[in-house]
Amino acid sequence: MATFSEIYEQLPKRPTAPTERTKFIRRIADATKRSDQTVRMWLSGRQRPDALTQSVIAKVLKVPASELFPIEEKGED
(Lines give C-alpha, C1' and ligand atoms only; values in the text may rest on other atoms or scores of the structure.)
Protein backbone atom coordinates (compact mmCIF):
# COMPACT_ATOMS: atom_id res chain seq x y z
CA MET A 1 0.00 0.00 0.00
CA ALA A 2 0.98 3.66 0.03
CA THR A 3 1.34 6.42 2.58
CA PHE A 4 -0.75 9.60 2.52
CA SER A 5 1.92 11.60 0.68
CA GLU A 6 2.67 8.71 -1.70
CA ILE A 7 -0.99 8.59 -2.74
CA TYR A 8 -0.80 12.32 -3.49
CA GLU A 9 2.47 11.98 -5.43
CA GLN A 10 0.87 9.32 -7.65
CA LEU A 11 -1.74 11.79 -8.89
CA PRO A 12 -1.09 13.21 -12.36
CA LYS A 13 0.82 16.47 -12.64
CA ARG A 14 -1.00 18.53 -15.24
CA PRO A 15 -0.98 22.24 -15.94
CA THR A 16 -4.80 22.36 -15.99
CA ALA A 17 -6.88 23.92 -13.27
CA PRO A 18 -8.06 22.50 -11.01
CA THR A 19 -5.65 19.62 -11.11
CA GLU A 20 -6.22 16.21 -9.59
CA ARG A 21 -3.78 17.22 -6.87
CA THR A 22 -5.73 20.36 -6.06
CA LYS A 23 -8.94 18.35 -5.93
CA PHE A 24 -7.27 15.83 -3.61
CA ILE A 25 -6.12 18.57 -1.23
CA ARG A 26 -9.55 20.24 -1.27
CA ARG A 27 -11.27 16.88 -0.62
CA ILE A 28 -9.09 16.18 2.41
CA ALA A 29 -9.38 19.77 3.67
CA ASP A 30 -13.17 19.63 3.41
CA ALA A 31 -13.40 16.24 5.12
CA THR A 32 -11.12 17.26 7.99
CA LYS A 33 -12.38 20.86 8.22
CA ARG A 34 -8.82 22.15 7.88
CA SER A 35 -7.26 24.58 5.42
CA ASP A 36 -5.60 23.59 2.16
CA GLN A 37 -2.34 24.88 3.64
CA THR A 38 -2.64 22.51 6.61
CA VAL A 39 -3.19 19.56 4.27
CA ARG A 40 -0.12 20.63 2.26
CA MET A 41 1.91 20.68 5.48
CA TRP A 42 0.76 17.12 6.26
CA LEU A 43 1.73 16.02 2.76
CA SER A 44 5.17 17.60 3.03
CA GLY A 45 5.79 15.99 6.41
CA ARG A 46 6.20 19.33 8.22
CA GLN A 47 3.18 18.50 10.37
CA ARG A 48 1.29 15.33 11.18
CA PRO A 49 -2.49 15.15 11.64
CA ASP A 50 -3.76 14.01 15.05
CA ALA A 51 -5.17 10.50 15.46
CA LEU A 52 -8.81 11.53 14.96
CA THR A 53 -7.97 13.43 11.79
CA GLN A 54 -5.92 10.47 10.55
CA SER A 55 -8.97 8.24 10.98
CA VAL A 56 -11.12 10.70 8.99
CA ILE A 57 -8.56 10.73 6.17
CA ALA A 58 -8.38 6.93 6.26
CA LYS A 59 -12.17 6.71 5.82
CA VAL A 60 -12.13 9.17 2.92
CA LEU A 61 -9.31 7.33 1.13
CA LYS A 62 -10.46 3.84 2.21
CA VAL A 63 -6.95 3.00 3.37
CA PRO A 64 -6.00 2.10 6.97
CA ALA A 65 -4.55 5.03 8.91
CA SER A 66 -1.59 2.84 9.91
CA GLU A 67 -0.63 2.64 6.23
CA LEU A 68 -1.26 6.29 5.47
CA PHE A 69 0.64 7.53 8.49
CA PRO A 70 3.21 4.91 9.51
CA ILE A 71 5.00 5.53 12.77
CA GLU A 72 8.59 6.38 12.01
CA GLU A 73 11.07 4.71 14.30
CA LYS A 74 13.73 7.07 15.54
CA GLY A 75 17.24 5.69 15.80
CA GLU A 76 19.12 5.73 19.05
CA ASP A 77 21.54 8.62 19.55
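Residues numbered from 1 in each chain as written. Predicted model: local features only at pLDDT ≥ 70, side-chain atom pairs only at ≥ 80, totals over all residues. Heavy atoms only, no water.

Draft legend 1. Representation of the nonpolar core within the structure. Within the largest apolar cluster, 17 residues are counted, with the highest numbers of intra-cluster contacts made by Phe 4, Phe 24, Ile 28, Val 39, Ile 57, Leu 61 and Leu 68. Looking at which element gives the most residues to this core, the answer is helix α2 (residues 20–32), with 4 residues. For Phe 4, the contacting residues outside a window of four places in its chain are Phe 24, Ile 28, Val 39, Trp 42, Leu 43, Ile 57, Leu 61, Leu 68 and Phe 69. (Core = buried A, V, L, I, M, F, W, Y, C linked by side-chain atoms within 4.5 Å. Buried < 20%, exposed > 50% of the residue type's maximum accessible area, 1.4 Å probe, protein only. Helix = DSSP H or I, 4+ residues; strand = E, 2+ residues; numbered from the N terminus. Contact = heavy atoms within 4.5 Å.)

Draft legend 2. Region of interest: unusual backbone geometry. We note that Lys 33 has phi near 60 degrees; this positive angle belongs to a residue other than glycine. Considering the arrangement of structural elements, one finds Lys 33 in the loop between α2 and α3 (36–44). Accessibility expressed as a relative area gives 74% for Lys 33, which makes it exposed.

Draft legend 3. The pattern of salt bridges, seen in detail. Per the stated rule, a full pass over the model turns up 5 salt bridges. For Lys 23, the salt bridge goes to Glu 20, with nearest N and O atoms at 3.6 Å. Of this pair, Lys 23 and Glu 20 both sit in helix α2, 3 residues apart, which is roughly one turn of that helix. Judged by relative accessible area, Lys 23 falls into the partly exposed class, the value being 43%. (Salt bridge = Lys/Arg side-chain N within 4 Å of Asp/Glu carboxyl O.)

Draft legend 4. Structural context of helix α4 (residues 51–61). Those residues of α4 that sit buried are Thr 53, Gln 54, Ile 57, Ala 58 and Leu 61. All buried residues of α4 lie within an arc of 145 degrees about the axis, which places them on one face of the element. Away from its buried face by more than 90 degrees, α4 exposes Leu 52 and Lys 59. Between a side-chain oxygen at the N-terminus of α4 and the backbone nitrogen of Leu 52 the separation is 3.2 Å; the capping residue is Asp 50. Looking one or two places after α4, you find Lys 62, whose phi comes out positive at around 60 degrees. (Arc of directions from axis to C-beta. Polar contact = N/O pair within 3.5 Å; in protein donor to acceptor, adjacent residues only side chain to side chain.)

Draft legend 5. Structural context of the packing of aromatic side chains. Across all of its chains, the model carries 3 aromatic pairs by this definition. Between Phe 4 and Phe 24, the aromatic rings sit 5.8 Å apart at their centres with planes inclined by 40 degrees, giving tilted as the arrangement. In this pair, Phe 4 is assigned in helix α1 (residues 4–9) and Phe 24 in helix α2, connecting sequence segments 20 residues apart. Here Phe 4 matches Phe 24 in class, with each residue buried. Both rings, one in Phe 4 and one in Phe 69, keep their centres 5.1 Å apart while their planes meet at 40 degrees; by these two values the pair is tilted. Of this pair, Phe 4 sits in helix α1 while Phe 69 sits in the segment after α5 (65–68); the two residues are 65 residues apart in sequence, bridging distant segments of the chain. A relative accessible area of 2% places Phe 4 in the buried class. The structure contains a cluster of three or more aromatic residues connected by ring pairs, namely Phe 4, Tyr 8, Phe 24 and Phe 69. Directly above the aromatic system of Tyr 8 lies the positively charged group of Arg 21, at a separation of 4.6 Å from the ring centroid. (Phe/Tyr/Trp six-rings, centres within 6.5 Å; stacked < 30°, edge-to-face > 60°. Lys NZ or Arg CZ within 6 Å of the ring centre and 35° of its normal.)

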